Protein chains: 2
Amino acid sequence: MSKPRSPSIKMVADRAGVSVATVSNVLNGKPSVSPDFALRVQDAVRELGYVVDIGASRLRSQKSQLAGVVVPDLTNPMFASFVSTLEHLARVDGFDLVVVSARNNPEEEADRLRNIRSWRPAGLIVIPCDGSFAERLPGGFSAPVVLADRIPDKPGFDLIAVDNSAAAGAIATHLENQGYKDCLVVGSWLSISNVRERWEGVRGAVKRLGVEVLEIGIDDPEGADRLERRLRGRQLPGALFVLDHGSSLLAYRTMAEIGLSAPRDIGFASFDDMEWMRLVAPGITAVRQPVEDMAEQAWALLLRRIRGSAGDPVTRRLRCAIEIRGSTSRSPHQEAGEAPKGGMTCTLQEGRYSPD
Amino acid sequence: MSKPRSPSIKMVADRAGVSVATVSNVLNGKPSVSPDFALRVQDAVRELGYVVDIGASRLRSQKSQLAGVVVPDLTNPMFASFVSTLEHLARVDGFDLVVVSARNNPEEEADRLRNIRSWRPAGLIVIPCDGSFAERLPGGFSAPVVLADRIPDKPGFDLIAVDNSAAAGAIATHLENQGYKDCLVVGSWLSISNVRERWEGVRGAVKRLGVEVLEIGIDDPEGADRLERRLRGRQLPGALFVLDHGSSLLAYRTMAEIGLSAPRDIGFASFDDMEWMRLVAPGITAVRQPVEDMAEQAWALLLRRIRGSAGDPVTRRLRCAIEIRGSTSRSPHQEAGEAPKGGMTCTLQEGRYSPD
DNA sequence: ATGAAAGCGCTAACAT
DNA sequence: ATGTTAGCGCTTTCAT
């Protein structure tokens, strides 16, 4: 039993009794083929189950219908959804996607970035692990790169992100309006640019609310300890605002373990609105990011760059929505244990969120 | 400004002052290269930022270091985690992965399956959309295929799945032991084999518990209506057992909207244990599937097949764990609204789950 | 140990 | 409208 190779264009040509060039022309929809020949080729293709070898095709034509996608972590629902949307859009435009995950590790990201070049993609969409992404991008990489979601330290890239600062500021203002006096702001790392932007958005927005920040890392037991100690300390903050989904999960679980319940003992809000935040009772006030929009815009931009439109790097900031739910309510009528309620959504208008 | 091409092996050879064959030998670690030449090549590679063209390499060597992965839906956390694990394992073995999502659509799956062949992957790992997967697999596909998670109607495939029937039966027994009299079993489609297996596991396990089943589809408003009507009807079942994650989300939300709370008004259990099920109060009793193990075993098996080990198709069933939490408790001390508690885990022993 | 040359499957340029 | 041929970047004989 020898290894059966996939049928080649030559076999199709032989079977149809035509030349390989004709087969290629039929497959690529070139006009200069007689209907008769086209049919014979299509028959042969079907009978053999022939599928073009995309690698050989690219090699010869020098045009790649392939885009690379690099995300920090596929198991993060935000990124999974981003990739899923991208994948669909790409296929509609006839592109394939090579998707790789850096598993939140800059070194792994650098490895993936190097490796993905061997595919000779026409372009790359990257959600970088952290701000120092530019140093990891292999020199002499000629294909266009569009960054999404996270902002690099160095400018000069096409970028599709959200208005982190404004949205975080809106949450801070909401907390202030609810009468909270002080707020502990928790995030993975301030070295991740949008976490930093969110924190700065909070600081820029508050008037009376006292704020302090705590970094707890990603999957870092020490960071988890720091948070737990802070929440067990005698100076319990009036509210907790968590700046990323991973940290929100951890914070919510930690609160539960300690026996703290929102909003009874402490206000609780989160950047990144995940499904479970509507399911717990009361629901959790959160910033909802337009992930699908980000994917759409990133893809559209990359496609333009691939098609050759040059020009200065584009930066676009998409608006988030704010979901006000029970976890930040100081009105007495909202009780813990009650069924989750609808809540209230507000969006940015003319550069300002108008909550409350 | 013309389009700058990636450096080729020829450019490296010129720069190092050697032949392309020598460059190739250095890159592929062939022993027959003098240290002197090897160094010169490595320098040239670094200076040019050369990365091998994996397509051209495969074309000539006829060996593909590429595996394809097809999943029904990347946004399902189970599948995302499956892919993420696979991706890591594959890279360790020097393989790249082409990942595609069928978006729960058999036609899209068929399209992806056809398309992925043009990459000439060395093998495929597929979580099929539904049981009739075999009909969608293009004829004459010679690379090995390993199925995971969902079971095809036709046998003859390598398969790594979980013990759906036993685990679902254990939940049913648990409900019975808790004193529930009847249970509504909800799933997307019984045509999805593991949903069917779970339902059959329930039926096979119950002695006194009255059971009925309801199919609600995937993202199907009509199905959602059916469920809501059933839960608003006068004959509210004693317990609800939902057989897949998507349906669990819907069911839990629907319950909340109606004002039903578990376990106060109705018992609630789920196949697929997601993070939020520990976060809501009380926690939700659920079957936890060994996703990472499934990915590991699927990859190991595929690698064996790629390396050439023939033999009859292998089927392996992995054991699930049962997480007993407050949502199925009939003891009065567990109250809704209380902080989520640790709960209790039990695993399969000698072919039987021993819950309660 | 090194290089020259053939050829993988395909498309593009050219010839008919 | 169709066929012939060269060559994309690489690995693999096969000489040397």
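Residues numbered from 1 in each chain as written. Chains lettered and ligands numbered in written order. Predicted model: local features only at pLDDT ≥ 70, side-chain atom pairs only at ≥ 80, totals over all residues. Heavy atoms only, no water.

A. Expanded view of the pairing of strand 1 (residues 66–71) of chain B. Residues and elements named next belong to chain B. Among the six residues of strand 1, six are classified as buried, and the element is accordingly described as predominantly covered. What you see with strand 1 is no split at all: Leu-66, Gly-68 and Val-70 on one side and Ala-67, Val-69 and Val-71 on the other are buried throughout. As paired elements, strand 1 and strand 2 (residues 96–101) share six bridges and run parallel to each other. If you follow Ala-67 over to strand 2, its bridge partner there is Leu-97. Handedness of the crossover joining strand 1 and strand 2 through helix 5 (residues 77–92) is recorded here as right-handed. Here four bridges tie strand 1 to strand 3 (residues 123–126), and the two strands are oriented parallel to one another. Looking across to strand 3, one finds that Ala-67 is bridged to Gly-123. (Buried < 20%, exposed > 50% of the residue type's maximum accessible area, 1.4 Å probe, protein only. Helix = DSSP H or I, 4+ residues; strand = E, 2+ residues; numbered from the N terminus. Pairing = 2+ DSSP bridges. Right-handed = clockwise from strand over helix to strand, strands pointing away.)

B. A look at a positive patch on the surface. Residue and element names in this part refer to chain A. On the surface, a cluster of positive charge is made up of Lys-181, Lys-207, Arg-208 and Arg-330. Along the chain, Lys-181 falls in the loop between helix 8 (164–177) and strand 6 (182–187). When its relative accessible area of 64% is taken as the criterion, Lys-181 is described as exposed. (Patch = residues over 30% accessible without salt bridge, like charges linked within 9 Å, V, L, I, M, F, W, Y side chains within 5 Å. Areas by Shrake-Rupley, 256 points an atom, 1.4 Å probe, with all protein chains shown as cover. Salt bridge = Lys/Arg side-chain N within 4 Å of Asp/Glu carboxyl O. Lys, Arg positive; Asp, Glu negative; His and termini not counted. Charge placed at Lys NZ, Arg CZ, Asp CG, Glu CD.)

C. The arrangement of the protein's contact with DNA strand C in detail. Taken together, 28 residues surround DNA strand C, and among them Ile-9, Tyr-50 and Arg-60 of chain A together with Ser-34 and Arg-60 of chain B come closest. The share of sugar and phosphate among atoms of DNA strand C within 4 Å of the protein is 72%. Looking at the surface near DNA strand C, the elements with two or more residues in it are helix 2 (20–27) and helix 4 (54–61) of chain A together with helix 2 (20–27) and helix 4 (54–61) of chain B. Counting residues per element, the surface near DNA strand C draws most heavily on helix 4 of chain A, at five residues. Residues belonging to the surface near DNA strand C are distributed by class as follows: 11 nonpolar, 10 polar and seven charged. (Near = heavy atom within 4 Å. Nonpolar A, V, L, I, M, F, W, Y, C, P; charged D, E, K, R; others polar.)

D. Inspection of the relation of the copies chain A and chain B at higher detail. Each copy of the sequence occupies a distinct position, and chain A is placed on chain B by a rotation of 180° and an axial shift of 0.0 Å, giving an RMSD of 0.1 Å. The two molecules are tied by a two-fold rotation axis, judged by turn and shift. Taken together, the interface assignments show that 100% of the residues at the interface of chain A recur at the interface of chain B, consistent with an identical surface on both copies. (Least-squares fit on C-alpha atoms with pLDDT ≥ 70 in both. Contact = heavy atoms within 4.5 Å.)

E. Structural detail: unusual backbone geometry. Here Ala-281 of chain A and Pro-282 of chain A are connected by a cis peptide whose omega angle stands at -5°. Note that Pro-282 of chain A resides in the loop between helix 12 (276–279) and strand 10 (285–288). Between Ala-262 of chain B and the following residue, Pro-263 of chain B, the backbone shows a cis peptide bond with an omega angle of 0°. You can see Pro-263 of chain B is positioned in the loop between helix 11 (245–258) and strand 9 (267–271). In this structure, Arg-103 of chain A takes a positive phi of about 50° despite not being glycine. Among the structural elements, Arg-103 of chain A can be located in the loop between strand 2 (96–101) and helix 6 (106–116). Phi is positive for Asp-272 of chain A, close to 85°, though the residue is something other than glycine. Residue Asp-272 of chain A is classed as buried on the basis of its relative accessible area, which comes to 5%.

F. Quick peek at the interface of chain A and chain B. Taken together, the contact between chain A and chain B spans 53 residues of the former and 54 residues of the latter. Carbon and sulfur atoms supply 56% of the area buried between chain A and chain B, which totals about 5100 Å² over both sides. Taken together, chain A and chain B are joined by eight salt bridges. Here Asp-53 of chain B and Arg-120 of chain A are joined by a salt bridge, their closest N and O atoms 3.9 Å apart. The tally of links between chain A and chain B comes to 17 residue pairs in polar contact (both at pLDDT 80 or more). The set of elements that each furnish at least two residues to the side of chain A that touches chain B consists of helix 4, helix 5 (77–92), strand 2, helix 6, helix 11 (245–258) and helix 12 of chain A. Among the elements that make up the side of chain A that touches chain B, the one with the highest residue count is helix 5 of chain A (seven residues). When grouped by side-chain class, the residues that make up the side of chain A that touches chain B number 24 nonpolar, 13 polar and 16 charged. (Buried area = accessible area lost by both parts, 1.4 Å probe. Polar contact = N/O pair within 3.5 Å; in protein donor to acceptor, adjacent residues only side chain to side chain.)

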